[in-house]
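# Geometric and topological summary
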Amino acid sequence: PIGPGLEKITMRLFRKKAAPAQPRRIPTHIAIVMDGNGRWAKQRGLPRPAGHKAGAESFRTIANYAKSIGLQYLTVYAFSTENWKRPADEVNTIMGLLKQYMLEAIDSMERDQIRLRFLGDLSALSPELQELARRTNEISSHIQGFQANVCINYGGRDEIIHAARRFAADCVNGVKKPEELTEADFAHYLYTDGIPDPELIIRPSGELRTSNFLLWQSAYAEYYFTDVLWPDFDESELDKAIASYQKRERRFGGRK
Ligand code: IPE
Ligand code: IPE
Ligand code: MG
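Residues numbered from 1 in each chain as written. Chains lettered and ligands numbered in written order. Predicted model: local features only at pLDDT ≥ 70, side-chain atom pairs only at ≥ 80, totals over all residues. Heavy atoms only, no water.

Attention now moves to helix α6 (residues 156–172). For α6, built from 17 residues, the straight-helix expectation of 24 Å at 1.5 Å per residue is met to within 8% by its first-to-last C-alpha distance of 24 Å. Within α6, the full set of buried residues consists of Gly156, Glu159, Ala163 and Phe167. Buried residues of α6, seen end-on, are gathered within an arc of 65 degrees and therefore sit on one face of the element. Along α6, exposed side chains directed more than 90 degrees from the buried face belong to Arg157, Arg165 and Val172. (Helix = DSSP H or I, 4+ residues; strand = E, 2+ residues; numbered from the N terminus. Expected span 1.5 Å × (residues − 1). Buried < 20%, exposed > 50% of the residue type's maximum accessible area, 1.4 Å probe, protein only. Arc of directions from axis to C-beta.)

Structure follows, in structure tokens:
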């Protein structure tokens, strides 16, 4: 008589063990083109700077949320190598917001345990911004865990050219040999050295293009496009993007 009883118990144990709750597949690295600030302001009859301000708020919200759901890297496109073509007052507004953000970050990143890294050709920024970037990098080196990468004066082609120049210089110096260059080696010369490629790239605001964002790193990224403008992009929008990503089958050129 003890047989069936035991069997029932073991069956129950077995069932519990055999069907663990599947942890949701959260990407390691998500990248976002923070686009649509201007249109957001226009819709509300506000000046463009108000849109950029609201966009900076969205970034704070999404960075905190990304950290809370277990992402390791969030990379955002804040200012492209082409954005210098805009009127000087708009460029100044954006640089002013960046400065404000960096100053706040210097005060709060240690408390929030958020590492911050700036990607792009920072040599074109004002000496003040370069110094703030240097200080945030310094603080980041003492922090573990979640990392936010902010792309400023970033262009995918510019990044590849910079990498090629540095590699060529190493060849001239005899440190490297052209015929030995691999994809992994070349990646070390990019601004994103040490950061895994993004699994998911999000572009809000309805535009269906990369606009020179992460050209090398996006080789096998999943893209998610939405008409929502960046200042309106909130936690639930990120959830939707991740849910879409989770339904996709990634093959990397192989076959299942
Ligand atoms: C993104 O918003 C911010 C930057 C490119 C710096 P936009 O300013 O491009 O907004 P739209 O595309 O005009 O709406
Ligand atoms: C891409 O947006 C760059 C950033 C969001 C920083 P843009 O507004 O500059 O891109 P285009 O001009 O629509 O392609
Ligand atoms: Mg735009």
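Take the pattern of salt bridges next. Within the structure shown, the criterion is met by 16 salt bridges. Here Arg44 and Asp232 are joined by a salt bridge, their closest N and O atoms 3.7 Å apart. Here Asp232 lies in the loop between β6 (222–225) and α8 (235–246) and Arg44 lies in the loop between α2 (37–43) and α3 (48–68), a separation of 188 residues in the sequence. A residue is classified by how much of its surface remains accessible, and Arg44, at 41% relative accessible area, is partly exposed. Overall, the relative accessible area of 32% leaves Asp232 in the partly exposed class. One salt bridge connects Glu131 with Arg134, and the closest N-O pair in it is separated by 3.1 Å. One end of the pair, Glu131, and the other, Arg134, are both in helix α5 (residues 127–140), three residues apart, so they sit about a helical turn from each other. Assessed through its relative accessible area of 34%, Glu131 is described here as partly exposed. By sharing partners, the salt bridges in this structure join Asp35, Arg39, Arg203, Glu207 and Arg209 into a single network. (Salt bridge = Lys/Arg side-chain N within 4 Å of Asp/Glu carboxyl O.)

In the vicinity of ligand 1 lie 13 residues, with Asp35, Gly38, Arg39, Arg48 and Arg86 positioned nearest. Within the backbone of Gly36, a nitrogen or oxygen atom sits 3.4 Å from an oxygen atom of ligand 1. Between ligand 1 and the protein, one listed contact pairs an oxygen atom with a side-chain N or O atom of Arg86 at 2.7 Å. Isolated, ligand 1 exposes 380 Å² of accessible area, and the fraction of that covered by the protein chains is 87%. Of all the elements in the fold, those that place two or more residues in the shell around ligand 1 are α2, α3 and α4 (88–112). Counting residues per element, the shell around ligand 1 draws most heavily on α2, which supplies three residues. Its residues assigned to classes, the shell around ligand 1 shows three nonpolar, five polar and five charged. (Near = heavy atom within 4 Å. Polar contact = N/O pair within 3.5 Å; in protein donor to acceptor, adjacent residues only side chain to side chain. Areas by Shrake-Rupley, 256 points an atom, 1.4 Å probe, with all protein chains shown as cover. Nonpolar A, V, L, I, M, F, W, Y, C, P; charged D, E, K, R; others polar.)

Read across the sheet, six strands follow the order β3-β4-β2-β1-β5-β6 without closing on themselves; strand pairing throughout is parallel. Both edges of this open sheet fall to β3 (115–119) and β6, since each of them pairs with a single strand only. Neighbour to neighbour, the strand axes of the sheet diverge by 20 degrees on average, direction disregarded. Two strands pair when backbone bridges link them, and strand β1 (residues 29–33) and strand β5 (residues 200–203) are joined in this way by three bridges, in the parallel orientation. The residue of β5 that forms the bridge with Ile30 is Leu200. Relative to strand β2 (residues 73–80), α3 is tilted by about 160 degrees, and along the sheet it contacts β1, β2 and β4 (147–154). Relative to β3, α4 is tilted by about 150 degrees, and along the sheet it contacts β2, β3 and β4. (Pairing = 2+ DSSP bridges. Axes fitted to C-alpha atoms, helices over the stretch in contact; angles between N-to-C directions. Contact = heavy atoms within 4.5 Å.)

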